[in-house]
Amino acid sequence: MADLNKLNESIISGDLDTSVQITKEALAERTDPQEIIQKYMIPAMDVIGGKFERNEVFVPELLMAARAMKGSLELIKPFLAERGIEPRGRVVIGTVKGDLHDIGKNLVASMLEGSGFEVENLGVDVPSDKIVAVVQSKEVDIVALSALLTTTMPSMKDVIEALKDAGVRDKVKVIVGGPAVTQEFCDQIGADGYSENANGAVGLVRKLLTA
Amino acid sequence: MRTTGIQELLKSRSLLFCDGAWGTIFQSAGLKPGEIAELWNRDHRKKVLEVAHSYVDLGVDMIETNSFRGNGIALAGIGLEIDAAELNRLAAEISREAAGDKCLVLGSVGPTGKILMMGDVSENEMYDAFAVQVQAIEQGGADAICFETMSALDEAELAVKAAVENTNLEIICTFTFTKTVGGDYKTVMGVTPAQMAEKMLSAGASIIGTNCGNGMETMIPIVKAFRDFDSNIPLLVQPNAGIPKIENGKTVFPETPDEMASHVPGLIDAGVSIIGGCCGTTPDHITAIMNNSGRRE
Ligand code: B12
Ligand SMILES: [Zn+2]
């Protein structure tokens, strides 16, 4: 039997080889892929996220955990599809123009994927028109924007304005996040939701899609 | 370990002064948010020269260059595929022109923006990018290289090595530390001042220290941490004008020249050797700092 508690531990400690190996075993044993994600992987990211906030670990440990999580997730994705589990919604995510911070946005993307959403990750330094183009050309429910610099937070508003100008603002819900972003800022720029962390982002997207 | 101009000066004076921020002044001179200040070396040479002069005129001992983001990897990271060497050489030439032989010129080199363990760039690529940058800065006439705002030991070590192996310049390296929940200071990568000092000195830096991330007051415990590790090594400290806040959608650095200057005696007691300024500081801040040092020759 695959030792799923060890999967949880290996993600916390950032041990990619072990997390991938146990995930393979678990999948070979036909363990429910959603159970693997919900019960063992997402809680691991919660633990490491908490340690980061308390300065018990720093960026390298966080990155290693995210990498282990991603490695396992890649293996699980085809099984989710095979089981005919429809994505719960489609999310386009990116860090706004001028901003190169990748880590938090990727965590949000992984958590959303792990929770059953289809996620298109546009990367960092994403110009508004690129986001508009994706919204125009594809089925998209949520646009998720990340900004870590106070100087790039205004770019979030630019994206919302660009969506309006292109006549597609009502097609999508826009959510925003980043350490300096607040609910107040979210309201000011006319975004639909804010959450302070990746877990909250999952709840937020669920709420917005059922509303 | 190399010693030249700065170390020579420190033999006769226990406290030296460096310049403050350039970016803040560029912004009032028309630099738009998101615009790359380093391009001004090529496109608005005069304006860059003016900023350099505004610090030289204060009588500081050294000024930096407008090349913080001039690393080829950093420039590519912001979508600029241009001749990094040219921008850096120009940066050094401009500062040299303003400084003449009145003060020393430190070539500013910031991080690449890449984290080695992520594997996006290799150690060789990173080393080469730093080598190109520091050689160009030497060609432009700088006296020293100042690696600054570093947070990762592996990256900073490659940077210092690139300067040791490709230039004859004196090497300074400063890291950015933040207060942890536990109350001590570490970089975002988890590095302490002592760990940084040990690695950078053995890599070949002769002056170390800290810049950015803190106002003047919180630099004091960081200087103490360095001094606990080594009581002699020259220490450069360049605080921000406080921690930035957003007011009406604009980034503001809250510490006034007098507020910053009021903590200078504490910093001197802790053992600083060279004081300058980082984000948000202006010639007025540096003037106030110099006036309140009580030890100016
Ligand atoms: C790592 C880092 C970098 C790395 C980024 C590497 C990478 N590939 O991402 C590098 C070294 C490149 C970097 C560069 C810079 N950085 Co930096 N960086 C950081 C650092 C240390 C950690 C950020 C991080 O990854 N946190 C961990 C993640 C998990 O947290 P997070 O991003 O906040 O994301 C969480 C939440 O905010 C939320 N969230 C995030 N996005 C979204 C989106 C949505 C939709 C939702 C719902 C939620 C959400 O969920 C996430 C998970 O819980 C912070 C300081 C800190 N300790 O936070 C500074 C920091 C963000 N950087 C800062 C600065 C100033 C810079 C530079 C300008 C430095 C310089 N002078 O060169 C450059 C700018 C480059 C650029 N143009 O973007 C400042 C920003 C100050 C400000 N308020 O404007 C900070 C705060 C450091 C400081 N104290 O001064 N940085
Ligand atoms: Zn700074």
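Nothing here was measured: the structure is a model prediction, and the numbers come from that model. (Residues numbered from 1 in each chain as written. Chains lettered and ligands numbered in written order. Predicted model: local features only at pLDDT ≥ 70, side-chain atom pairs only at ≥ 80, totals over all residues. Heavy atoms only, no water.)

### Quick look at the sheet that holds strand β1 (residues 16–17) of chain B
Residue and element names in this part refer to chain B.
- Reading across from one edge, β1-β12-β9-β8-β5-β4-β3-β2 is the order of the 8 strands in this open sheet, with parallel pairing throughout. The open sheet terminates on both sides in strands that have one partner only, identified here as β1 and β2 (62–64).
- With 4 bridges joining them, strand β3 (residues 104–109) and strand β4 (residues 144–150) adopt parallel strand pairing. If you follow Val109 over to β4, its bridge partner there is Phe147. (Pairing = 2+ DSSP bridges. Helix = DSSP H or I, 4+ residues; strand = E, 2+ residues; numbered from the N terminus.)

### Here's the deal with the pairing of strand β4 (residues 173–177) of chain A
Residue and element names in this part refer to chain A.
- With 4 of its 5 residues buried, β4 lies for the most part within the structure.
- In this structure, strand β3 (residues 142–146) lies alongside β4, joined through 5 bridges in parallel fashion. Looking at the pairing, Ile142 lines up with Lys173 of β4.
- The handedness of the β3 to β4 crossover, carried by helix α7 (residues 154–165), is right-handed.
- Note that β4 and strand β5 (residues 193–194) share 2 bridges and pair parallel. When the bridges of β5 are listed, Ile175 appears paired with Gly193.
- In this fold, the crossover linking β4 to β5 by way of helix α8 (residues 183–188) has right-handed handedness. (Buried < 20%, exposed > 50% of the residue type's maximum accessible area, 1.4 Å probe, protein only. Right-handed = clockwise from strand over helix to strand, strands pointing away.)

### Comments concerning the packing of helix α4 (residues 59–82) of chain A against helix α5 (residues 103–114) of chain A
Residues and elements named next belong to chain A.
- At their nearest, the axes of α4 and α5 sit 10 Å apart, and the two run at 30 degrees to each other. As far as their axial angle goes, α5 and α4 are roughly parallel. For the pair α4 and α5, the sense of crossing is left-handed. Each of Val59, Leu62, Leu63, Ala66, Met69, Leu73 and Lys77 in α4 lies in contact with α5, whose residues at this interface are Ile103, Leu107, Ser110, Met111, Glu113 and Gly114.
- The residue inventory of the contact of α4 with α5, partitioned by class, reads 9 nonpolar, 2 polar and 2 charged. (Axes fitted to C-alpha atoms, helices over the stretch in contact; angles between N-to-C directions. Parallel < 35°, antiparallel > 145°, perpendicular 65-115°, else oblique. Left-handed = near helix turned anticlockwise from the far one by under 90°. Contact = heavy atoms within 4.5 Å. Nonpolar A, V, L, I, M, F, W, Y, C, P; charged D, E, K, R; others polar.)

### Describing the pattern of salt bridges
- For the coordinates displayed, the defined rule picks out 17 salt bridges over all chains.
- In this structure, A:Asp102 and A:Lys105 form a salt bridge, with 2.9 Å as the shortest nitrogen-oxygen distance.
- A relative accessible area of 31% means that A:Asp102 is categorised as partly exposed.
- Residue A:Lys105 is classed as buried on the basis of its relative accessible area, which comes to 1%.
- Between B:Arg42 and B:Asp43 there is a salt bridge, with the nearest N and O atoms lying 3.0 Å from each other.
- Residues participating in the shared-partner salt-bridge network are A:Glu74, A:Lys77 and A:Glu113. (Salt bridge = Lys/Arg side-chain N within 4 Å of Asp/Glu carboxyl O.)

### Some thoughts on the coordination of the zinc ion (ligand 2)
Residue and element names in this part refer to chain B.
- Note on the zinc ion (ligand 2): its protein donors are Cys212 (SG), Cys278 (SG) and Cys279 (SG). The metal-donor distances range over 2.2 to 2.3 Å.
- Sequence spacing of the donor residues for the zinc ion (ligand 2), all on one chain, is C-x65-C-C. Separated by 66 residues along the polypeptide, Cys212 in the loop between β8 (207–211) and α10 (219–229) and Cys278 in the loop between β12 (274–275) and α13 (283–291) bring together distant segments of the chain. Each member of the pair Cys212 and Cys278 is classed as buried. (Donors = N, O, S within 2.8 Å, 3.2 Å for Na, K, Ca; no water.)

### Points about the interface of chain A and chain B
- Counting from both sides, the interface comprises 16 residues of chain A and, opposite them, 16 residues of chain B.
- Summed over both partners, the interface of chain A with chain B buries about 1,300 Å², with 71% contributed by carbon and sulfur atoms.
- Together, A:Phe58, A:Leu63 and A:Thr150 form the three largest contributors to the area buried by chain A at its contact with chain B, with a combined 38%.
- Scanning the region where chain A abuts chain B turns up 0 salt bridges.
- Between chain A and chain B we count 3 residue pairs in polar contact (both at pLDDT 80 or more) in total.
- Here the side of chain A that touches chain B is composed, by residue class, of 9 nonpolar, 3 polar and 4 charged. (Buried area = accessible area lost by both parts, 1.4 Å probe. Polar contact = N/O pair within 3.5 Å; in protein donor to acceptor, adjacent residues only side chain to side chain.)

### Details of the coordination of the cobalt atom of ligand 1
- Looking at the cobalt atom of ligand 1, one finds just one donor atom contributed by the protein, A:His101 (NE2), at 2.3 Å.
- Tracing the backbone through its elements, the reader meets A:His101 in the loop between β1 (90–95) and α5.

### Structural notes on helix α4 (residues 45–56) of chain B
Residues and elements named next belong to chain B.
- Taking 1.5 Å of rise per residue, the 12 residues of α4 would be expected to cover 16 Å, and the 16 Å separating its terminal C-alpha atoms lies within 8% of that figure.
- Looking only at α4, the buried set comprises Val48, Leu49, Val51, Ala52, Tyr55 and Val56. Buried residues along α4 cover an arc of 160 degrees about the axis, so they all sit on one side. Away from its buried face, by an angle of more than 90 degrees, α4 presents the exposed residues Lys46 and Glu50.
- Contacts from the buried residues of α4 go to α2 (23–28), α3 (40–43), β2, α6 (84–99) and α13. (Expected span 1.5 Å × (residues − 1). Arc of directions from axis to C-beta.)

### Details of the side chain of B:Glu148
Residue and element names in this part refer to chain B.
- Within the fold, Glu148 resides in strand β4.
- The buried charged residue Glu148 lacks any salt bridge, with Arg69 as its nearest oppositely charged partner at 11 Å.
- Apart from residues lying up to four places away in sequence, Glu148 is in contact with Glu64, Phe68, Ser108, Val109, Gly110, Pro111, Thr174, Asn211 and Gln238. (Lys, Arg positive; Asp, Glu negative; His and termini not counted.)

### Describing the environment of B:Ala288
All names here are of chain B.
- With respect to the helices and strands, Ala288 occurs in helix α13.
- C-alpha of Ala288 to C-alpha of Thr256: the two residues are 32 residues apart in sequence and 9.4 Å apart in space.
- The residues touching Ala288, leaving out its near neighbours within four places in the chain, are Pro257, Asp258 and Ala261.

### Regarding the site of ligand 1
- Looking at ligand 1, there are 31 residues lining it, with A:Leu100, A:His101, A:Asp102, A:Ser146 and A:Thr150 nearest.
- With respect to ligand 1, its neighbouring residues span chains A and B.
- Interatomic distance of 2.7 Å between a side-chain N/O atom of A:His101 and a nitrogen atom of ligand 1.
- A distance of 2.6 Å separates an oxygen atom of ligand 1 from a polar backbone atom of A:Asp102.
- Contributing elements (two or more residues each) for the shell around ligand 1: α5, β3, β4 and α9 (198–210) of chain A.
- Top contributing element to the shell around ligand 1 by residue count: α5(A), with 4 residues.
- A breakdown of the residues in the shell around ligand 1 according to their chemical character gives 18 nonpolar, 10 polar and 3 charged. (Near = heavy atom within 4 Å.)

By themselves these figures say nothing about function.
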